[in-house]
Amino acid sequence: MIKINNIFIRNFKNFSLSSFKFDKFNIIYGENGIGKTTLLESIFMILNNHTFDKNIRTIQQDKSIKTIISGSVQSDNNYYNLYIEINNNKKTSKINSKLSKTIEFKEKFPVLLYSIKSFINFKNKQYIFSLLDRYIFMKDKTILNELLEYNKIIKLKRNILKKSPIDTTLINITNEKLVELMKSISDKRKKSVELINKKMVKIFERFSHKSLKVKYEKKKIEKTLFNKELYEKRIIVSLNRDIFHIYLDEKELFLYSSLGEKKILLFCMIYSIALQYNEIKKPILLIDDLEGDLDNHMKKIITGILEDMPNQIFLTTLEYYDNTQNMINLAKGN
């Protein structure tokens, strides 16, 4: 089991100087705008070595003061001291005082983020794809290297297309490698969705009698699209053309379902991934803005499921919860 014991935060968004201690089940509560999501993001960052949007330029409240996030994490019988410092838009990251890369954080300290805002804003698809990639990474570490290589090639290709005249030989070599990477990544994502679908259907039965189906659609790469790229001088062929479908009673979730149903479906997806992940290493679960648009019966089911899980849980809420291990009231100015 992965468990973060405490965290120290300085100059991180709306936190000037704060520290918190954590238990297995943690409720972060307080009114809107008080910093609940920011606290989740600080936990996410110290475990992943990056923020939600991977942009460090927007997190320093005061540019003249170093941003520091530090804390201790327990993984089985091992203990780790984590330290991240941001100064002049440069980041220094350490595990037990040793300079460390993002992949080392992700391998040692897995975390799953429930973010309904990112889920609803599905136009960029990055949030859902990142969940799938995290799921794949659990058993296949090569996915991260493929994604890094894919992003490098996309950046290179974008620069090539900006130049005039366009180097067609170079662009063809780039396209060949890009297609190879896209096929590998898309195949892995499609296979992961097929596995997740079975667990999602089973847990969803506890919430609704509607039929559920999830599907990953790989878009075909046609040669005419590469010609169109040369003509329009912009990238068209990318992983973002793939589509993640969720159907309730054969209807697309994002077109016909309520916000409450979307929240339930995202919870079922996170839960299904966590179950698979728990077979290897139990990730920390960060759950933001779950309760709104859900009735008390649904909230009671979800809370019961979370409390029975072996994972460390962080849940943001507007209200005080009874009978929980650790209540963090941000209104007290912690």
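See above for the structure.
Bear in mind that the values here come from a model prediction, so they are computed numbers and not experimental data.

## Let's talk about the nonpolar core
And step 1. Ranked by internal contacts, the top residues of the largest apolar core, which has 72 residues, are Leu 132, Phe 207 and Phe 244.
And step 2. Top contributing element to this core by residue count: helix α9 (residues 259-277), with eleven residues.

## A word on the environment of Thr 168
And step 1. For Thr 168, the location among the structural elements is in helix α6 (residues 168-204).
And step 2. For Thr 168, a relative accessible area of 43% puts it in the partly exposed group.
And step 3. Along the primary structure Thr 168 and Asp 53 are separated by 115 residues, whereas in three dimensions their C-alpha atoms are 33 Å apart.

## Here's the deal with helix α5 (residues 142-162)
And step 1. Taking 1.5 Å of rise per residue, 21 residues should cover 30 Å, and α5 covers 31 Å from first to last C-alpha, within 8% of that figure.
And step 2. Every buried residue of α5 is listed here: Ile 143, Leu 144, Glu 146, Leu 147, Tyr 150, Ile 153, Ile 154, Lys 157, Ile 160 and Leu 161.

## Observations concerning the packing of α5 against α6
And step 1. In the contact formed by α5 and α6, the axes pass within 10 Å of each other and the chain directions differ by 145°. As α5 packs across α6, the resulting crossing turns out to be left-handed. Facing Thr 142, Ile 143, Glu 146, Leu 147, Glu 149, Tyr 150, Ile 153, Ile 154, Leu 156, Lys 157, Ile 160 and Leu 161 of α5, the residues of α6 in contact are Leu 170, Ile 171, Thr 174, Asn 175, Lys 177, Leu 178, Leu 181, Met 182, Ser 184, Ile 185, Lys 188 and Arg 189.
And step 2. Residue composition of the contact of α5 with α6, by class: 14 nonpolar, four polar and six charged.

## Regarding the packing of aromatic side chains
And step 1. Within this structure, the stated rule accounts for nine aromatic pairs.
And step 2. With 5.0 Å between their ring centres and 70° between their planes, Phe 44 and Phe 52 make a pair best called edge-to-face.
And step 3. Owing to a relative accessible area of 9%, Phe 44 belongs among the buried residues under this scheme.
And step 4. The exposure class of Phe 52 is partly exposed, given its relative accessible area of 31%.
And step 5. The rings of Tyr 80, Phe 105 and Phe 109 are connected pair by pair, giving a single aromatic cluster.
And step 6. When the ring centre of Phe 129 is taken as origin, the NZ or CZ atom of Arg 189, which lies over that ring, is 4.4 Å away.

## With respect to the sheet that holds strand β1 (residues 2-12)
And step 1. An order of β2-β1-β4-β5-β6-β7 is seen for the six strands of this open sheet, with the pairing classed as antiparallel. Since the sheet does not close on itself, it has two edges, and those belong to β2 (15-21) and β7 (98-99), each with one partner.
And step 2. Across nine bridges, the pairing between strand β4 (residues 67-75) and strand β5 (residues 78-87) is antiparallel. Bridge pairing in β5 links Ser 70 to Tyr 83.
And step 3. Docked against the sheet, helix α1 (residues 36-48) engages β1, β2, β4, β5 and β6 (90-95), running at close to 115° with respect to β1.

## Examining the pairing of β1
And step 1. With eight of eleven residues buried, β1 lies mostly within the body of the structure.
And step 2. The pairing of β1 with β4 spans eight bridges and is classified as antiparallel. Residue Ile 2 lies in a different strand from β4, and its bridge partner there is Ser 75.
And step 3. Where β1 lies against β2, six bridges are found, and the strand directions are antiparallel. The residue bridging Phe 8 from the neighbouring strand is Ser 19, located in β2.

Cut-off values and rules
- Here the residue numbering is sequential within each chain, running from 1 through the sequence in written order.
- Only residues with pLDDT of 70 or above have their local features reported here, since the model is predicted, and side-chain atom pairs are shown and tallied only from 80 upward, although totals for entire chains, interfaces and linings are computed over all residues.
- Excluded from the side-chain calculations are hydrogens and water; all other atoms, namely the structure's heavy atoms, are used.
- What we call a nonpolar core is a set of buried Ala, Val, Leu, Ile, Met, Phe, Trp, Tyr and Cys residues that are connected through their side-chain atoms within 4.5 Å.
- Exposure categories follow from relative accessible area, calculated using a 1.4 Å probe and restricted to protein chains: below 20% of the type maximum is buried, above 50% is exposed, and the middle band is partly exposed.
- The helix count covers DSSP runs of H or I at least four residues long, the strand count covers runs of E at least two residues long, and both are numbered beginning at the N terminus.
- Each helix should span, by expectation, one fewer than its residue count multiplied by 1.5 Å.
- For helices, the axis comes from a line fit to the C-alpha atoms of the stretch in contact; other axes are also lines fit to C-alpha atoms, and the angle between any two N-to-C directions lies between 0 and 180 degrees.
- Rotating anticlockwise by less than a right angle from the far helix to the near helix defines a left-handed crossing, while the corresponding clockwise rotation defines a right-handed one.
- Whether two residues are in contact is decided by their heavy atoms: any pair within 4.5 Å suffices.
- Classes in brief: Ala, Val, Leu, Ile, Met, Phe, Trp, Tyr, Cys and Pro nonpolar; Asp, Glu, Lys and Arg charged; the others, Gly included, polar.
- For Phe, Tyr and Trp, rings pair up if their centres lie within 6.5 Å, where Trp contributes its six-membered ring, and each pair is then called stacked (planes under 30 degrees apart), edge-to-face (over 60) or tilted (otherwise).
- Two conditions define a charge located above a ring, namely a distance within 6 Å from the ring centre to NZ of Lys or CZ of Arg, and an angle within 35 degrees of the ring normal.
- Between any two strands, at least two bridges found by DSSP are needed for them to pair.

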